[in-house]
Amino acid sequence: MEKNQIYEFLIKELPEEQIKIDEPMKKHTNFKIGGNADLYVIAKKVEQIQVILKLVEQYQIPLTILGNGSNVLVGDKGIRGIVLCVAIQQFEIEKEDAMIIVGAGETLGKVSYSLAKEGITGFEFAGGIPGTIGGAIRMNAGAYGGEMKDCVQKVTCLTQKGEIKELSNAECNFSYRHSIFCEEPLTIIKAQMKFSYGEKQEIQNKMEEYAQSRKEKQPLMFPSAGSTFKRGTDFITAKLIDECGLKGYKVGEAQVSPMHAGFVVNTGNATAKDVLAVIEQVKETVLEQTGKQIELEVELLGEF
């Protein structure tokens, strides 16, 4: 099925402004890098996702699920098929027991600050993570000692056939930067999360402390996908990269941040090819000098 045919089908089912053909992915990723997606579709309702899943299965169209594009590097040749941006907005607090129901498209920052206003603690760690709830659950995002697995009770998702399925925390198979959603073709639509009440001022202080720490230690002035590499089981990856003299290493306009060696940043108009060249050099140098193999945390999407 040609992309123009897919487009014509989709505009009968979804609002036209939610469907873009030959859309530059650099507009939808925090790295500000990436070629065109054949079709970029924003889904704001479960029924819209189900329409797309049915179409994808019927015509064997490649499908890429995206949240906020915060932990991905898209190839310079773009992405074939449909890129589905899950933008389901829902935020309900059950105040009695500090539990929330939250849509996959809600941003971590918004949810974190909304909970802080209510005096609900347990999600301060997520305030500065630039992703969505769906993306964060998928990769079990975390910071400052907290992870999504600590607060998710259950996740509602869609199977490939568009059937609604609920998974408990245990069934999500959470581990470091990983979950069942990395392995199986399930589309997260919402989650139930449990917290507790705390002192509003303490919560605010903690969030301000984390925000200040990010500002001081992370290269927030340049586009990036956050931490490029996973931490090691027995080593701090950024420290190894720094000790190998790689801070500031540059290919084209992609650079190992001079501020934080765990970040590869886009200093201007870097290409995915530039970023990959930096990543490969870092991995090879660290292996040669320390014997340690470091792994990517950033997910590679599309054609390079």
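Use the structure listed above.
A short tour of the structure in this document, coming up. (Residues numbered from 1 in each chain as written. Predicted model: local features only at pLDDT ≥ 70, side-chain atom pairs only at ≥ 80, totals over all residues. Heavy atoms only, no water.)

Looking at the element boundaries, I101 is found in strand 7 (residues 99–103). By relative accessible area, which is 13% here, I101 ends up buried. Each C-alpha atom of the pair I101 and A191 lies 5.7 Å from the other, and the pair is 90 residues apart in sequence. Setting aside anything within four residues of it in sequence, one finds I101 in contact with Q90, F91, E92, E94, K190, A191 and Q192. (Helix = DSSP H or I, 4+ residues; strand = E, 2+ residues; numbered from the N terminus. Buried < 20%, exposed > 50% of the residue type's maximum accessible area, 1.4 Å probe, protein only. Contact = heavy atoms within 4.5 Å.)

With 18 residues, helix 5 (residues 200–217) extends 26 Å from end C-alpha to end C-alpha; this agrees with the ideal 26 Å at 1.5 Å per step. Taken residue by residue, helix 5 has I203, M207, Y210, S213 and R214 as its buried positions. One side of helix 5 holds all its buried residues, which, seen down the axis, span an arc of 120°. Exposed residues lying more than 90 degrees from the buried face of helix 5 are E202, E209, K215 and E216. (Expected span 1.5 Å × (residues − 1). Arc of directions from axis to C-beta.)

Let us look at the packing of helix 1 (residues 3–13) against helix 2 (residues 46–59). Their axes nearest at 11 Å, the elements helix 1 and helix 2 cross at an angle of 150°. By the angle between their directions, the pair helix 1 and helix 2 is classed as roughly antiparallel. Of the two elements, helix 1 crosses helix 2, and the hand of that crossing is right-handed. Contacts between helix 1 and helix 2 involve I6, F9, L10 and E13 from the former and V51, I52 and L55 from the latter. For the contact of helix 1 with helix 2, a count of residues per class yields 6 nonpolar, no polar and 1 charged. (Axes fitted to C-alpha atoms, helices over the stretch in contact; angles between N-to-C directions. Parallel < 35°, antiparallel > 145°, perpendicular 65-115°, else oblique. Left-handed = near helix turned anticlockwise from the far one by under 90°. Nonpolar A, V, L, I, M, F, W, Y, C, P; charged D, E, K, R; others polar.)

With that out of the way, let us pick up the sheet that holds strand 16 (residues 254–256). If you walk across this open sheet you meet the 3 strands as 15-16-17, and the pairing is antiparallel. Each having just a single partner strand, strand 15 (250–251) and strand 17 (264–266) make up the two edges of the open sheet. The sheet contact formed by strand 15 and strand 16 spans 2 bridges and is antiparallel. Residue pairing across strands places K250 opposite Q255, the latter belonging to strand 16. Each of strand 15, strand 16 and strand 17 touches helix 7 (residues 272–290); the most contacted strand, strand 16, lies at about 25° to it. (Pairing = 2+ DSSP bridges.)

This is a description of form; function is not addressed.
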